[in-house]
Amino acid sequence: REKVTFDDLDKDIQDIVKQIESYDIGGGSKPTPDPTKDWDKTKVDPVESADNVVVPVPKGFVASKATGENTVENGFVIYQGTDDVTDANVDTAMTTRNQFVWVPVADTSKMFTTHDGKDVGRLYDFDKDNKTYTEIAWSDTGYREPDVVTGNGSEYDAVASNYSSAGITGITNADQFKVQLEAEFAEMKASVEKYHGFYIGRYETGAVSRAKAVTVKGNSDIASQTWYKLYQMNKEMINANGIKSSMIWGSQWDQTMIWFDTQGGTNKDYVYNSTGKGHYDATSTITTGSSTAYAVNNIYDMAGNAWDWTLEAYDTYHRILRGGNYGTSGSPDPASFRRSYRPTRYDGVIGSRSTLIM
């Protein structure tokens, strides 16, 4: 007679439980898991999109009810404020209220990893010729985030005046700034993992020479500030109801490109060759959101116009900016393209883009 062990009994019990759970009792359908059960309802409201996806809308924002702005597939838009946005008032809302677009991230493990026991972003290289992307290996002297850049050890993030002149308080050296960047990255990561996505600024950050930055249509004040100033202005744009804004991380930019790539068709083409889909081959920037031809999934000007600074670091001297500018072309410098500049540089070709932390 075969001997039965406790392990055998335990396995049998587990099999029986699985069978019971799979039964359709009473002819009804099994309840589906609630995707919002772990959401922080003090910060967000679950809203169903027109294509039947439940999206977290942060407190202090409303989901657009305007035509073409209420599906996740084509770009789910939110507006700051409590008044509804409809076809009747959308044109005014575009120019007066901060707007963000939802970027879904189904598998967050493809966005984050660890290095030396710390959470870091997964970054990707986009091959324009073969229209494919591959992960960039972390390097302490290569592409990476979060991290500081200190030049020869005493420049850039090591210089106290770079912080004070940009209005960054409480930071005087690179060690302090690295702690802050790591904490901000951890907040972003936790937000993306909780909600399986993030909000990206619909437009390039504007009003950068004024007291408070915006992400609205029709703004021409988008450049000629240092990375440090734009870092702080993006950070101060939104801070209410537990919702914060930030300059976009490189891993977020890459996930936006991967979303477009996955959708295929013209969206995929945009990632690798943005000709005709961005403001290129020109002599100056145009106002944000000037042309619907330069938008993909309701996100404007990720290709051309101004380079957009990110929080990504490169070697010891540079931060990464993305997407080309008005003086480049859509084939060599498409929306996915990376370029590095020293963070103290400021001129009319470099801007930035925001994101939300929930």
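Please refer to the structure placed before this passage.
Model, not experiment: these values are computed from the prediction.

## Brief notes about the pairing of strand S4 (residues 77–80)
Where strand S3 (residues 61–63) and S4 come together, three bridges link them in antiparallel fashion. Note that in S4 the partner of Ala-63 across the bridge is Ile-78. With three bridges connecting them, S4 and strand S5 (residues 99–104) associate as antiparallel partners. Within the sheet, the bridge partner assigned to Ile-78 lies in S5 and is Phe-100.

## Considerations on the packing of helix H4 (residues 174–195) against helix H5 (residues 227–236)
One can describe the packing of H4 onto H5 by two numbers: an axis separation of 14 Å at closest approach and a directional angle of 40°. By the angle between their directions, the pair H4 and H5 is classed as oblique. Considering only the axes of H4 and H5, their crossing is left-handed. Side by side, H4 and H5 meet where Phe-177, Gln-180, Leu-181 and Glu-184 of the first sit next to Trp-227, Tyr-231 and Lys-235 of the second. For the contact of H4 with H5, the class distribution of residues is four nonpolar, one polar and two charged.

## Some points on the sheet that holds strand S18 (residues 350–352)
Here we have four strands laid out as an open sheet, ordered S17-S16-S15-S18, and mixed in their pairing. Across the chains shown, the open sheet's two edge strands, defined by having one partner strand only, are strand S17 (338–341) and S18. Adjacent strand axes in the sheet meet at a mean angle of 50°, parallel and antiparallel pairs treated alike. Here H5 sits on the sheet and contacts strand S15 (307–314), strand S16 (318–322) and S18; the angle it forms with S15, its principal contact strand, is near 100°. Across the sheet, helix H6 (residues 250–263) lies against S15, S16 and S17, angled at about 120° from S15, the strand it touches most.

Thresholds applied
- Residue indices begin from 1 for each chain and proceed along its sequence in written order.
- Under the rules for a predicted model, residues below a pLDDT of 70 receive no local features and side-chain atom pairs below 80 are neither given nor counted, while totals for whole chains, interfaces and linings still include all residues.
- The basis for every side-chain value is the complete set of heavy atoms in the structure, and neither hydrogens nor water enter the calculation.
- Whether two strands pair depends on DSSP finding at least two bridges between them.
- Segments assigned H or I by DSSP are reported as helices when at least four residues long, segments assigned E as strands when at least two residues long, and all are numbered from the N terminus.
- Comment: axis = line fitted to C-alpha atoms, over the contacting stretch for helices; angle = value between 0 and 180 degrees taken between N-to-C directions.
- If an angle is under 35 degrees, it is roughly parallel; if it is over 145, roughly antiparallel; if it lies from 65 to 115, roughly perpendicular; otherwise it is oblique.
- Definitions for this section: a left-handed crossing has its near helix turned counterclockwise from the far helix by less than a right angle. A right-handed crossing has that turn clockwise.
- A contact between two residues is defined here by any heavy atoms of the two lying within 4.5 Å.
- Side-chain classes are defined by residue name, with Ala, Val, Leu, Ile, Met, Phe, Trp, Tyr, Cys and Pro counting as nonpolar, Asp, Glu, Lys and Arg as charged, and the others, Gly among them, as polar.

Geometry only, nothing functional implied.
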